[in-house]
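Architecture at a glance
The lines below spell out each chain.
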Amino acid sequence: MTTCASRRQLLKMTAAGVAAMAAQPSRMLAQAAPQFLKPETPEQAMRLLREGNERYLKQTLTACSIDLAILRADTEEHQEPFAAVLCCADSRVPAEIVFDQSIGHLFVVRVAGNIATPDTIGSLEYAAAVLGVKTILVLGHSNCGAVKAAKAGGAVPGQISTLFQYIYPATIGAADLPMAVEKNAQLQAATLRGASPVIAEMVKDGKLSVGAAVYDLGTGKVTMSAS
Ligand SMILES: [Zn+2]
């Protein structure tokens, strides 16, 4: 099924490319973008994320070299993202840029503290079981305000403290904030693997991986955790 979907995707992209080329030959030649082929395995999906982060670090981004109008047309009726990212709502952690990916490539779920809650688990189950992502990556980041606040445990306004129950276990025994951030990403990944039978079954069958990583706000590097 996956192979058929990839073939369909490729054929559709090719057809769209031919049509656009006929309409605007000079523009298409100038934008001869690499074809994107959806990875078939969790390992290939993780490799694409790592390679994307390397391009981001070198400032050699390619995602926006693809004609965005064509990409929008190709994905208007359906989506086949290859990876899902559960990342913090922090304005300094834009997942598509950090991994140099474009429209339709990443299914991104963002919430302060990148936490696995019933809402985010449900969204990620949809990404895995319906859309067929090959990997789910929980992406924490350095100097995370949500983790910092949960670790401090002081009074906060409104409903902010409702986030803390999910982060607090990661702060126990964490000597400093970087350690708490890493533990939090790992804890949320473990929760995803353990709390969702849908995700657990796909992991067991080798169709999906669930990992954790930390993004460094200063260097831009994503460091994958050993799971
Ligand atoms: Zn954060």
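Residues numbered from 1 in each chain as written. Predicted model: local features only at pLDDT ≥ 70, side-chain atom pairs only at ≥ 80, totals over all residues. Heavy atoms only, no water.

Some details on the coordination of the zinc ion
Coordination of the zinc ion by the protein is provided by Cys88 (SG), His141 (NE2) and Cys144 (SG), with metal-donor distances spanning 2.0 to 2.3 Å. As a motif over one chain, the donors of the zinc ion read C-x52-H-x2-C. One end of the pair, cysteine 88, is in the loop between β1 (83-87) and α5 (95-98); the other, histidine 141, is in strand β3 (residues 135-141), and 53 residues separate them in sequence. Histidine 141 carries the same exposure label as cysteine 88, and that label is buried. (Donors = N, O, S within 2.8 Å, 3.2 Å for Na, K, Ca; no water. Helix = DSSP H or I, 4+ residues; strand = E, 2+ residues; numbered from the N terminus. Buried < 20%, exposed > 50% of the residue type's maximum accessible area, 1.4 Å probe, protein only.)

What about the pattern of salt bridges?
Opposite charge on two side chains permits pairing when their charged atoms draw close. Scanning the model with the defined rule gives three salt bridges in all. Here arginine 47 makes a salt bridge to glutamate 51, at a shortest N to O gap of 3.6 Å. Here arginine 47 and its partner glutamate 51 are both found in helix α3 (residues 42-58), four residues apart, which amounts to about one turn of the helix. Residue class for arginine 47 comes out partly exposed when judged on its relative accessible area of 44%. For the salt bridge of arginine 55 with aspartate 100, the shortest nitrogen-to-oxygen distance reads 2.5 Å. Within this pair, whereas arginine 55 is found in helix α3, its partner aspartate 100 is found in the loop between α5 and β2 (106-110), the two being separated by 45 residues in sequence. The exposure class assigned to arginine 55 is partly exposed, which follows from its relative accessible area of 23%. (Salt bridge = Lys/Arg side-chain N within 4 Å of Asp/Glu carboxyl O.)

Structural notes on helix α4 (residues 68-75)
Those residues of α4 that fall on the buried side of the exposure criterion are Ile70, Leu71 and Asp74. Projected onto a plane normal to the axis of α4, the buried residues spread over an arc of 100 degrees and lie on a single side. Of the residues flanking the start of α4, the one acting as N-cap is aspartate 67, its side-chain oxygen 2.8 Å from the backbone nitrogen of alanine 69. (Arc of directions from axis to C-beta. Polar contact = N/O pair within 3.5 Å; in protein donor to acceptor, adjacent residues only side chain to side chain.)

Examining the nonpolar core
Counting residues in each nonpolar core, the largest one holds 35 residues, and the members touching the most others are Val133, Ile136, Leu192 and Leu208. When residues of this core are assigned to their parent elements, the largest contribution, six residues, is made by helix α9 (residues 177-195). The residues contacting leucine 192, other than those within four sequence positions of it, are Leu86, Ala116, Ile121, Leu124, Ile136, Val138, Ile199 and Val210. (Core = buried A, V, L, I, M, F, W, Y, C linked by side-chain atoms within 4.5 Å. Contact = heavy atoms within 4.5 Å.)

Details of the packing of aromatic side chains
The tally for this structure, following the rule as stated, stands at two aromatic pairs. Geometrically, the ring pair formed by tyrosine 56 and tyrosine 215 is tilted, given 6.4 Å between the ring centres and 45 degrees between the ring planes. Within this pair, whereas tyrosine 56 is found in helix α3, its partner tyrosine 215 is found in strand β4 (residues 209-215), the two being separated by 159 residues in sequence. Ring centres of phenylalanine 107 and tyrosine 126 lie 6.2 Å apart, and the angle between their planes is 50 degrees; on these two criteria the pair is classed as tilted. Here phenylalanine 107 is found in strand β2, whereas its partner tyrosine 126 is found in helix α6 (residues 118-130), with 19 residues between them in sequence. Among the residues examined, phenylalanine 107 registers a relative accessible area of 15% and is labelled buried. When its relative accessible area of 40% is taken as the criterion, tyrosine 126 is described as partly exposed. (Phe/Tyr/Trp six-rings, centres within 6.5 Å; stacked < 30°, edge-to-face > 60°.)

A short note on α9
Counted at 1.5 Å a residue, the expected span for α9 with its 19 residues is 27 Å, and the 26 Å between its end C-alpha atoms agrees. The backbone nitrogen of methionine 179 has a side-chain oxygen 3.0 Å away, supplied by the residue at the start of α9, namely aspartate 176. (Expected span 1.5 Å × (residues − 1).)

With respect to the state of the cysteines
Summed over all chains, the structure comprises zero disulfides. Among the cysteines around cysteine 87, which has no disulfide bond, cysteine 88 carries the closest sulfur, lying 7.3 Å off. What makes cysteine 87 buried here is its relative accessible area of 0%. (Disulfide = S-S within 2.5 Å.)

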